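# Examination of the molecular architecture
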Amino acid sequence: KDADVLHCSPSHHFPSGLVTPVSRRRELLQWAKEGKWNGGNTVPVGYDADIDADMFVINEYEAMQVREVFDLFINRMPIFTIMTHMNNKGYRTKYGEWKEQTIRGMLSRPIYIGEITHKGKVYEGQHEAIIDKETFAKAQKIFAEREKAKSRSDRVRYVLLHFYRRSILPYVCFFGTWNAGDKP
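Description of the structure in this document. (Residues numbered from 1 in each chain as written. Predicted model: local features only at pLDDT ≥ 70, side-chain atom pairs only at ≥ 80, totals over all residues. Heavy atoms only, no water.)

### Remarks on unusual backbone geometry
Short version of the rule: By the criteria applied, helices consist of DSSP H or I runs no shorter than four residues and strands consist of E runs no shorter than two, each listed in order from the N terminus. Accessibility here uses a 1.4 Å probe with only protein chains present; expressed as a share of the type maximum, an area under 20% marks a residue as buried, one over 50% as exposed, and anything in between as partly exposed.
Its identity as a non-glycine residue notwithstanding, Arg76 has a phi of 70°, on the positive side. Tracing the backbone shows Arg76 in the loop between helix 2 (60-74) and helix 3 (79-88). Residue Arg76 is classed as partly exposed on the basis of its relative accessible area, which comes to 49%.

This is how it looks when you write it as structure tokens:
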């Protein structure tokens with residue numbers, strides 16, 4: 001009744017009991033509102049951390065790579081092909097070779113247009129943008145198109161598999177060429 005804050009520990013904190021204190025969560029939220037970096041496990045590719053100023057500074061070598069990744073993506077190159085292209089050119093990030101996960105995360109994070117996110121909300125960051133907002137918007141549009149196409153192809157694949165199982169599989173099993181109980 002008289003509480004200012006309700007604290008519920010998420011299940012992933014069980015059984016260790018490691019929970020970020022409310023005061024620390026408020027501090028992180030305030031930093032985000034001020035556009036400052038509020039920590040995390042890794043510094044985004046293209047930036048270096050300025051710990052004293054709690055913000056990112058551009059790493060020019062990586063920023064050049066980030067711009068190239070965005071350019072290739074908005075020119076409709078698949079993410080796997082981008083990864084292969086970057087690695088074949090000998091480009092490396094501070095974390096090593098390019099990975100699909102790195103590229104996918106990079107293309108969807110507003111940090112690259114000078115914004116900070118915290119708990120799903122977006123705040124104007126104090127750091128300099130590597131990508132302009134128009135390029136980022138194009139990348140988001142392509143992402144949405146690919147996700148829609150992926151979900152559509154997944155549905156088609158499911159329908160075809162269901163059809164296959166219902167129409168052909170019983171006959172294959174009947175003739176003894178494959179038995180559902182056998183292990184390959």
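Continuing now.
### A look at the packing of helix 2 against helix 3
What counts, and what does not: Here an axis means a line fitted to C-alpha atoms, over the contact stretch when the element is a helix, while the angle between two N-to-C directions is reported on a 0 to 180 degree scale. Crossing handedness is defined as follows: a turn of the near helix away from the far one that is anticlockwise and smaller than a right angle gives a left-handed crossing, while the clockwise case is right-handed. When checking whether two residues touch, look at their non-hydrogen atoms; a contact exists if any pair is within 4.5 Å.
Between helix 2 and helix 3, the least distance of the axes is 10 Å, while the angle of their chain directions is 145°. Crossing angle aside, the handedness with which helix 2 passes helix 3 is right-handed. Listed contacts from helix 3 to Gln65, Glu68, Val69, Leu72 and Phe73 of helix 2 are Ile79, Ile82, His85 and Met86.

### Remarks on helix 4 (residues 100-108)
Keep this limit in mind: Throughout, the arc means that of the directions going from the helix axis to the C-beta atoms.
Burial in helix 4 covers these residues: Ile103, Met106 and Leu107. All buried residues of helix 4 lie within an arc of 95° about the axis, which places them on one face of the element.

### Some details on the packing of aromatic side chains
Put simply, the rule is: Stacked, tilted and edge-to-face are the three classes assigned to paired rings of Phe, Tyr and Trp, where Trp is represented by its six-membered ring and a pair needs centres within 6.5 Å; plane angles under 30 degrees give stacked, over 60 edge-to-face, the rest tilted.
Applying the stated criterion to the full structure yields 6 aromatic pairs. Look at Phe73 and Phe143: their rings are 5.3 Å apart centre to centre, the planes differ by 45°, and that puts the pair in the tilted class. Taken together, the residues span a long stretch of sequence, with Phe73 in helix 2 and Phe143 in helix 5 (residues 133-167) at a distance of 70 residues. Through successive ring pairs, a cluster of aromatic residues spans Tyr47, Phe56, Phe70, Tyr112 and Phe136.

### A word on the nonpolar core
What counts here: Nonpolar core, defined: a set of buried Ala, Val, Leu, Ile, Met, Phe, Trp, Tyr and Cys residues in which side-chain atoms within 4.5 Å join the residues together.
Residues Phe70, Trp98 and Tyr112 are the most contacted members of the largest nonpolar core, which totals 32 residues. Those elements giving two or more residues to this core turn out to be strand 2 (55-58), helix 2, helix 3, helix 4 and helix 5. The contact partners of Trp98, leaving out residues within four places of it in the chain, are Val45, Gln65, Val69, Met83, Met86, Asn87, Tyr91, Arg92, Thr93, Ile103 and Met106.

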